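# Observations on chain architecture
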Amino acid sequence: LFGGWGKDITPTPFALVTNLGFADLVKTGTSRILFTNGLQDMWSGGSYLEDVSDSILALNFENGAHHSDLSHVGPSENDTEDIREGFVQITDILETWLDEIKEESGN
């Protein structure tokens, strides 16, 4: 998707659509994707801001910034309430999906 950095690089804004089928994730059979968006981050403008299906979900954090929603250690007292609540939501969703996968595989 990315060929490098610098002035000689040609932007490919539709690479996810043309190379990975992002134009219609449901049609391609995609499932269990969680898009998390800190709305104070300019990158959120290029993300899915609404659920695409029952298993392709979007969580938006009004006070979130770049990567503030992705901590692997959990929220701290310095995080805003939406990030702290979002961590619980993310954990619940991922645990549900892992349980579904275990059940589907017979484990």
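What counts and how
Residues numbered from 1 in each chain as written. Predicted model: local features only at pLDDT ≥ 70, side-chain atom pairs only at ≥ 80, totals over all residues. Heavy atoms only, no water. Salt bridge = Lys/Arg side-chain N within 4 Å of Asp/Glu carboxyl O. Helix = DSSP H or I, 4+ residues; strand = E, 2+ residues; numbered from the N terminus. Buried < 20%, exposed > 50% of the residue type's maximum accessible area, 1.4 Å probe, protein only. Phe/Tyr/Trp six-rings, centres within 6.5 Å; stacked < 30°, edge-to-face > 60°. Lys, Arg positive; Asp, Glu negative; His and termini not counted. Contact = heavy atoms within 4.5 Å. Core = buried A, V, L, I, M, F, W, Y, C linked by side-chain atoms within 4.5 Å. Pairing = 2+ DSSP bridges.

Applying the stated criterion across every chain, the model contains 3 salt bridges. As a salt-bridge pair, Glu104 and Arg32 come within 2.8 Å of each other at their nearest N and O atoms. On the criterion of sequence distance, the pair formed by Glu104 in helix α2 (residues 81-105) and Arg32 in the loop between α1 (15-20) and β1 (33-38) is long-range, its members being 72 residues apart. Glu104 sits in the exposed class, given a relative accessible area of 59%. Through salt bridges with shared partners, a single network forms among Arg32, Glu100 and Glu104.

A few words on the packing of aromatic side chains. In this structure the tally under the stated criterion is 2 aromatic pairs. Ring centres of Phe22 and Tyr48 lie 6.3 Å apart, and the angle between their planes is 45°; this geometry places the pair in the tilted category. Here Phe22 is found in the loop between α1 and β1, whereas its partner Tyr48 is found in the loop between β1 and β2 (56-61), with 26 residues between them in sequence. Centroid distance Phe35 to Tyr48: 4.8 Å. Interplanar angle 40°. Geometry classified as tilted. Of this pair, Phe35 sits in strand β1 while Tyr48 sits in the loop between β1 and β2, and the two are 13 residues apart along the sequence.

What follows is about unusual backbone geometry. Trans peptide bonds make up the majority, and among non-glycine residues the majority have a negative phi. Positioned with a positive phi, Arg32 is a non-glycine residue whose angle comes to about 55°. By relative accessible area, which is 26% here, Arg32 ends up partly exposed.

Within the secondary structure, Asp41 is located in the loop between β1 and β2. There is no salt bridge for the buried Asp41, and the closest opposite charge comes from Arg84, which lies 19 Å off by N-O distance. Asp41 has contacts with Gly64, Ala65 and His66, leaving out every residue within four places of it along the chain.

On to the nonpolar core. Leu34, Leu57, Leu59, Phe61, Ile83, Ile90, Ile93 and Trp97 together form the largest nonpolar core, which totals 8 residues. Residue assignment for this core shows that the elements contributing at least two residues are β2 and α2. Looking at which element gives the most residues to this core, the answer is α2, with 4 residues.

To continue, consider the pairing of β2. Taking burial as the measure, the 6 residues of β2 include 5 buried ones, the bulk of the element. Where β1 lies against β2, 6 bridges are found, and the strand directions are parallel. If you follow Asn37 over to β2, its bridge partner there is Asn60.

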